[in-house]
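# Coordinate inspection notes
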Amino acid sequence: MKCPICNNKDTGRLSKSRYFCSNCFIEIFYSRKKELHLLKISEDGSTFPISN
Ligand SMILES: [Zn+2]
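In short, a report on the structure. Not measured: the values here are computed from a predicted model.

We now examine the coordination of the zinc ion. At the metal site, the zinc ion is ligated by Cys3 (SG), Cys6 (SG), Cys21 (SG) and Cys24 (SG), and these contacts range over 2.0 to 2.3 Å. Taken together, the four donor atoms coordinating the zinc ion span angles of 107 to 114° at the metal, a pattern that classifies the geometry as tetrahedral. Expressed as a motif, the donor residue spacing for the zinc ion is C-x2-C-x14-C-x2-C. For Cys3, a relative accessible area of 0% corresponds to the buried category.

If you want it as structure tokens, here you go:
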């Protein structure tokens, strides 16, 4: 899984369809409809969606 924002190939895998980019601090995951979603991870660990 490559990060769609920075093209970092070293994304970590959180679960079956969830990935994490330590470079941009975002979570990447696919919905059931195979739509790509991006979540920004804030310093306190909470996430919020990024519109692309
Ligand atoms: Zn990235």
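Now that the structure is up, let's keep going.
Taking strand neighbours across the sheet as the criterion, the five strands line up as 1-2-3-4-5 in an open arrangement whose pairing is antiparallel. For this open sheet the edge positions go to strand 1 (12-15) and strand 5 (47-49), each flanked by a neighbour on one side alone. Pairwise comparison of adjacent strand axes, ignoring direction, gives a mean angle of 30° for this sheet. In terms of strand pairing, strand 4 (residues 36-41) meets strand 5 through three bridges, oriented antiparallel.

Quick look at the side chain of Thr11 now. Along the chain, Thr11 falls in the segment before strand 1. A distance of 2.6 Å separates a polar side-chain atom of Thr11 from the backbone oxygen of Met1. Every residue in contact with Thr11, bar those within four places of it in the chain, is listed here: Met1, Cys3, Tyr19, Phe20, Cys21 and Ile28.

Take the nonpolar core next. The biggest cluster of nonpolar side chains holds seven residues, and these are Cys3, Tyr19, Cys21, Cys24, Ile26, Ile28 and Leu38. What Cys21 contacts, discounting residues up to four positions off in sequence, is Cys3, Cys6, Asn8, Thr11, Ile26 and Ile28.

Counted under the stated rule, the structure contains one aromatic pair. Taken together, a centroid distance of 5.6 Å and an interplanar angle of 80° make the contact between Phe20 and Phe25 edge-to-face. For Phe25, a relative accessible area of 41% puts it in the partly exposed group. Seen from the ring of Phe29, Arg18 lies directly overhead, with NZ or CZ sitting 4.7 Å from the centre.

Criteria and cut-off values
- Residues numbered from 1 in each chain as written.
- Predicted model: local features only at pLDDT ≥ 70, side-chain atom pairs only at ≥ 80, totals over all residues.
- Heavy atoms only, no water.
- Donors = N, O, S within 2.8 Å, 3.2 Å for Na, K, Ca; no water.
- Tetrahedral: all angles 85-135°; square planar, octahedral: opposite > 155°, others 65-115°.
- Buried < 20%, exposed > 50% of the residue type's maximum accessible area, 1.4 Å probe, protein only.
- Pairing = 2+ DSSP bridges.
- Helix = DSSP H or I, 4+ residues; strand = E, 2+ residues; numbered from the N terminus.
- Axes fitted to C-alpha atoms, helices over the stretch in contact; angles between N-to-C directions.
- Polar contact = N/O pair within 3.5 Å; in protein donor to acceptor, adjacent residues only side chain to side chain.
- Contact = heavy atoms within 4.5 Å.
- Core = buried A, V, L, I, M, F, W, Y, C linked by side-chain atoms within 4.5 Å.
- Phe/Tyr/Trp six-rings, centres within 6.5 Å; stacked < 30°, edge-to-face > 60°.
- Lys NZ or Arg CZ within 6 Å of the ring centre and 35° of its normal.

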